[in-house]
Amino acid sequence: MNLTLLPTEIRKIPTFAQKLTMNLTLEGKNALVGGGSAGIGLSAAIELSKLGASVTLISRTESALKEAVSLLDCSSAQQHAYIVADYEQPELLIESVRSELSGSVFHILVNNTGGPAGGPLINAATSDFTRAINNHLLCNHLLVQELVPGMKQEGYGRIINVISTSVKEPIEGLGVSNTTRWAVAGWAKTLAGELGQYGITVNNVLPGYTNTSRLEEIIVKRVSASGLARESVVQNMLNSVPARRFAEPAEVAAAVAFLATPAASYINGINLPVDGGRTKSI
């Protein structure tokens, strides 16, 4: 059997993919990072800046944003910035972004914000769902609509959503979060199919237990609900992780940064757990 590769013109291989097999540079790229003043968002912004991207952070607290920007790697070719905006008000958020960006082209969008409050799903109020959908799905969607035209123009786009391993296995006590994360995962998978032809990829990073304020919130709630000592709750959580430790934000950020690079050009529509092996499903 003779196998003949199609001509390059027909295969539509991007120029960078023809020349480089492991291109990790983001020089000349602009990135917009949600929740960028702390935790996984800040760590992702730092990693993107290390690879050469100019990074704009979004968060609600200006003082925290100023401090976060000061932590980013900065060469003469990089220009970092921030936007003060609240994810609980999608329309106002996108107005702030549109005003601050002033038509700038962004190649990378990291959708990331704090998770919904915990609690049994049966006890959730409709307002809990509305808030969660606003924060996660609607803000993500409006930001994508705002940035995709520029990504199409450049022939390069990376949309990376930081969500949760709950899209593979629902997490007990996080009913609203489980529900909302699945909605975001379905939204992202659909977009991946629609945008792939333009050189734009859409992927989800699924953090496991990570040393952030969100993890502390979960631990406190489990202590309250179980009546166990904090040490016991923490040990039970660690026992469920083959790595026997919690992740550091930088470890999740490394996955985000890789998916933003040219090297990840053919990775599209995936859910990538970064959880030390805790997720048991395939």
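As shown above, the structure is provided for reference.
The following refers to the structure shown.

Rules and cut-offs
Counting starts from 1 at the beginning of each chain's written sequence and moves along it residue by residue. pLDDT decides what is reported in this predicted model: residues at 70 or higher carry local features, side-chain atom pairs at 80 or more are listed and counted, and totals for whole chains, interfaces and linings draw on all residues regardless. The basis for the side-chain values is all heavy atoms of the structure; hydrogens and waters are excluded. Starting at the N terminus, helices and strands are each numbered in turn, a helix being any DSSP run of H or I of at least four residues and a strand any DSSP run of E of at least two. Expected span of a helix, by definition, is 1.5 Å for each gap between consecutive residues, and there is one gap fewer than residues. Remark: exposure states derive from per-residue accessible area (1.4 Å probe, protein chains only) relative to the maximum for the residue type, with buried under 20%, exposed over 50%, and partly exposed in between. Picture the helix axis, draw a direction to every C-beta atom, and the arc is the one those directions span. Contact criterion: two residues are considered in contact whenever any of their non-hydrogen atoms come within 4.5 Å of each other. Here the axes come from fitting lines to C-alpha atoms, over the contacting stretch only for helices, and the angles between their N-to-C directions go from 0 to 180 degrees. Crossings are classed by handedness, with left-handed meaning an anticlockwise turn of the near helix from the far one by less than a right angle and right-handed meaning a clockwise turn. When residues are sorted by character, Ala, Val, Leu, Ile, Met, Phe, Trp, Tyr, Cys and Pro go into the nonpolar class, Asp, Glu, Lys and Arg into the charged class, and all the rest, Gly among them, into the polar class. Any Lys or Arg side-chain nitrogen located within 4 Å of an Asp or Glu carboxyl oxygen qualifies as a salt bridge. A 3.5 Å cut-off defines polar contacts: any pair of N or O atoms within that distance qualifies, except that in protein one atom must be a possible hydrogen donor and the other a possible acceptor, and neighbouring residues in sequence count only when both atoms are side-chain atoms. Side-chain atoms within 4.5 Å are what join buried Ala, Val, Leu, Ile, Met, Phe, Trp, Tyr and Cys residues into a set we call a nonpolar core. Working definition: a ring pair exists when centres of Phe, Tyr or Trp rings (six-membered ring for Trp) sit within 6.5 Å. Plane angles under 30 degrees give stacked, over 60 give edge-to-face, the rest tilted. Only when the NZ atom of a Lys or the CZ atom of an Arg is both within 6 Å of the ring centre and within 35 degrees of the ring normal do we say a charge sits over the ring.

**Overview of helix H8 (residues 213–226)**
With 14 residues, H8 extends 20 Å from end C-alpha to end C-alpha; this agrees with the ideal 20 Å at 1.5 Å per step. Restricting attention to buried positions, one finds in H8 the residues Arg214, Leu215, Ile218 and Ile219. Along the axis of H8, the buried residues cluster in a sector spanning 140°; they form a single face. The exposed residues of H8 that point more than 90 degrees off its buried face are Ser213 and Ser224.

**Overview of the environment of Asn239**
Relative to the elements of secondary structure, Asn239 occurs in helix H9 (residues 230–239). It is 9.3 Å that separates the C-alpha atoms of Asn239 and Arg278, two residues lying 39 residues apart in sequence.

**A closer look at the environment of Thr212**
In this fold, Thr212 is placed in the loop between strand S6 (200–207) and H8. C-alpha of Thr212 to C-alpha of Ser75: the two residues are 137 residues apart in sequence and 29 Å apart in space. The residues touching Thr212, leaving out its near neighbours within four places in the chain, are Gly39, Ile40 and Pro249.

**Some points on the packing of H8 against H9**
A packed helix pair is summarised by two numbers, namely the angle formed by the two axes and the spacing between the axes. H9 packs onto H8 with a crossing angle of 120° between their chain directions and a minimal axis gap of 9 Å. Considering the relative orientation of H8 and H9, their crossing is right-handed. Contact residues: Leu215, Glu216, Ile218, Ile219, Arg222, Val223 and Ser226 in H8; Arg230, Val233, Val234 and Met237 in H9. Considering only residue class, the contact of H8 with H9 consists of seven nonpolar, one polar and three charged.

**Considering the pattern of salt bridges**
Under the definition given, this model contains seven salt bridges. Across the pair Lys50 and Glu47 runs a salt bridge whose closest N-O atoms are separated by 3.6 Å. Within this pair, Lys50 and its partner Glu47 are both found in helix H3 (residues 39–50), separated by three residues, close to a single helical turn.

**Topic: the side chain of Thr210**
Following the sequence through the fold, Thr210 ends up in the loop between S6 and H8. When its relative accessible area of 4% is taken as the criterion, Thr210 is described as buried. Within polar-contact distance, the side chain of Thr210 engages the backbone oxygen of Gly208 at 3.0 Å. Residues in contact with Thr210, not counting those within four places in the same chain, are Ile40, Leu215, Ala247, Glu248, Pro249 and Val252.

**A word on helix H5 (residues 90–101)**
An α-helix turns once every 3.6 residues. As a result, residues three or four positions apart point the same way. Look at H5: 16 Å from first C-alpha to last across 12 residues, which is about the 16 Å you get at 1.5 Å a residue. Ser102 occupies a position one or two residues after H5 and carries a positive phi of about 50°.

**Quick look at the nonpolar core**
With 32 residues, the main nonpolar core has Leu32, Ile58, Leu93, Val97, Leu109, Leu143 and Ile159 as its most contacted residues. Looking at this core, the elements that each hand over two or more residues are H5, helix H6 (126–154), helix H7 (175–195) and S6. Tallying contributions element by element places H6 first for this core, with eight residues. If sequence neighbours within four positions are ignored, Val97 has contacts with Leu32, Ile58, Ile83 and Leu143. Val69, Tyr156, Val162 and Ala257 belong to the second-largest nonpolar core, a separate cluster that totals 31 residues.

**Quick word on the packing of aromatic side chains**
For any pair of aromatic rings, the description rests on two quantities: the centre-to-centre distance and the angle between the ring planes. Under the counting rule described, the total for this entry stands at one aromatic pair. Aromatic pair Tyr209 and Phe246: ring centres 5.9 Å apart, planes at 80°, arrangement edge-to-face. Of this pair, Tyr209 sits in the loop between S6 and H8 while Phe246 sits in the loop between H9 and helix H10 (249–260), and the two are 37 residues apart along the sequence. Of the two residues examined, Tyr209 and Phe246, each falls in the buried class. Over the aromatic face of Tyr156 sits the side chain of Arg158, whose NZ or CZ is 4.2 Å from the ring centroid. For the cation-ring pair, Arg278 lies above Tyr209, with the distance from its terminal atom to the ring centre recorded as 4.2 Å.

**Describing the side chain of His80**
Structurally, His80 can be placed in the loop between helix H4 (62–70) and strand S3 (81–84). One polar contact links the side chain of His80 to the main-chain carbonyl oxygen of Asp73, over a distance of 2.6 Å. Discounting residues that sit within four places of it in the chain, His80 has contacts with Ser49, Ala53, Ser54, Val55, Val69, Leu72, Asp73 and Cys74.

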